[in-house]
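# Residue-level structure breakdown
One letter stands for each residue in the lines below.
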Amino acid sequence: MVTIGRIDNVNEGHVFTAENMMLEINKNKIPRPGKLILLESSLNFCLNDTQEGLSIPWPRIGLHAIQNNNGLRSIYFMINLEVAWPGVYENNVHNNGNAVDDPDENDEGHESDTEEPMTEFYVVPINTAEQDIVEAIFNWMKHCQSLHPDPDDSISEEDFMEAEDDDGEASAEGVRNLHIDDEEKFADAEEDE
């Protein structure tokens, strides 16, 4: 869940803070500068002189990178969610984020042509001479992201079958020995001429 509003508890699990940053959401500049606060649990952007901002848990961030635009570097990240920040950034969030009934929803075998919702963010230092801060932010983001690995990307022991050796016994190496010299197995295979 992305939190928009008052951001509290920015000291719990604090990792890094970058002052005097500008935020762009979907290439729209937020008119007021702020600070980027990286916590072990979330990425936070608070507008200067307020606790107003947004907080994004690390598992929500699908991608982050350093963008280089004519020698000026910035942090790019995206989430698979449409975001609107009332009074600061208005997005055309379709149907208030609720799903829209798809008339072809029961059409098995065909993928939907609709795109998943997405919001792109750019964090840019106000002082263009402070380009080293971008590298530091990226490294701390990478560190925090590693604390929250995507469970869909992990490989469990259940994903592997135990291999057997030539005698039908489980092999210690976990590798299956295959033989393709058995002509009966491939009798119906077509040969290239």
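What follows covers the nonpolar core. Among the nonpolar cores identified, the biggest contains 30 residues, and Leu 23, Phe 77, Phe 121 and Ile 137 are the most heavily contacted of them. Where this core is concerned, the elements lending two or more residues are strand E2 (14–25), strand E4 (34–39), strand E5 (42–47), strand E6 (52–57), strand E8 (72–79), strand E9 (119–125) and helix H1 (132–146). If we ignore the near neighbours within four places in the chain, the residues touching Phe 121 are Leu 23, Glu 24, Ile 25, Leu 54, Ile 56, Ile 75, Tyr 76, Phe 77, Ile 79 and Val 83. Counting five residues, the second largest nonpolar core, distinct from the first, contains Ile 7, Ile 37, Leu 39 and Cys 46.

Close approach of charged atoms allows side chains of opposite charge to pair. If you walk through the whole model with that rule in mind, you get two salt bridges. With a shortest N-O distance of 3.2 Å, Asp 8 and Arg 6 are connected by a salt bridge. For Asp 8, a relative accessible area of 42% puts it in the partly exposed group. For Arg 6, a relative accessible area of 56% corresponds to the exposed category. The salt bridge involving Arg 73 is made with Glu 135; its shortest N-O contact spans 2.7 Å.

Let us look at the layout of surface pockets. Computed from the structure, the second largest pocket encloses a volume of approximately 280 Å³. Lining the second largest pocket are 14 residues, with Glu 24, Lys 29, Asn 69, Ser 74 and Val 124 positioned closest to its centre. For the lining of the second largest pocket, the secondary-structure elements that each account for two or more residues are E2, strand E7 (61–69), E8 and E9. Looking at the lining of the second largest pocket, its residues break down into five nonpolar, five polar and four charged.

Further remarks concern the confidence of the model for the chain. Here the chain averages 79 in pLDDT, and 67% of its residues register 70 or above. Note on residues 94–107: pLDDT under 50 across the span, and three contacts to partners over four residues away in sequence or across chains.

Another point: the pairing of E8. Across the eight residues of E8, six count as buried, placing the element largely inside the fold. Pairing of E7 with E8, which is carried by eight bridges, proceeds in the antiparallel orientation. Paired with Ile 61 across the two strands is Ile 79, which belongs to E8. Linking E7 back to E8 in an antiparallel pair, the connection comprises two residues, with Asn 70 at a positive phi of about 55°. Two strands pair when backbone bridges link them, and E8 and E9 are joined in this way by five bridges, in the antiparallel orientation. When the bridges of E9 are listed, Tyr 76 appears paired with Tyr 122.

All right, on to the environment of Phe 121 then. With respect to the helices, strands and loops of the structure, Phe 121 is situated in strand E9. Relative accessible area serves as the criterion here: at 0%, Phe 121 is assigned to the buried category. The spacing of Phe 121 and Lys 29 is 92 residues in sequence and 9.8 Å in space, taken between C-alpha atoms.

Calculation rules
Residues numbered from 1 in each chain as written. Predicted model: local features only at pLDDT ≥ 70, side-chain atom pairs only at ≥ 80, totals over all residues. Heavy atoms only, no water. Core = buried A, V, L, I, M, F, W, Y, C linked by side-chain atoms within 4.5 Å. Buried < 20%, exposed > 50% of the residue type's maximum accessible area, 1.4 Å probe, protein only. Helix = DSSP H or I, 4+ residues; strand = E, 2+ residues; numbered from the N terminus. Contact = heavy atoms within 4.5 Å. Salt bridge = Lys/Arg side-chain N within 4 Å of Asp/Glu carboxyl O. 1 Å grid on protein atoms, 1.4 Å probe; cavity = no way out; pocket = protein on both sides within 12 Å on 5 of 7 lines; lining within 4 Å. Points joined across faces, edges and corners; volume = space filled by probe spheres on them. Nonpolar A, V, L, I, M, F, W, Y, C, P; charged D, E, K, R; others polar. pLDDT = per-residue confidence, 0-100. Pairing = 2+ DSSP bridges.

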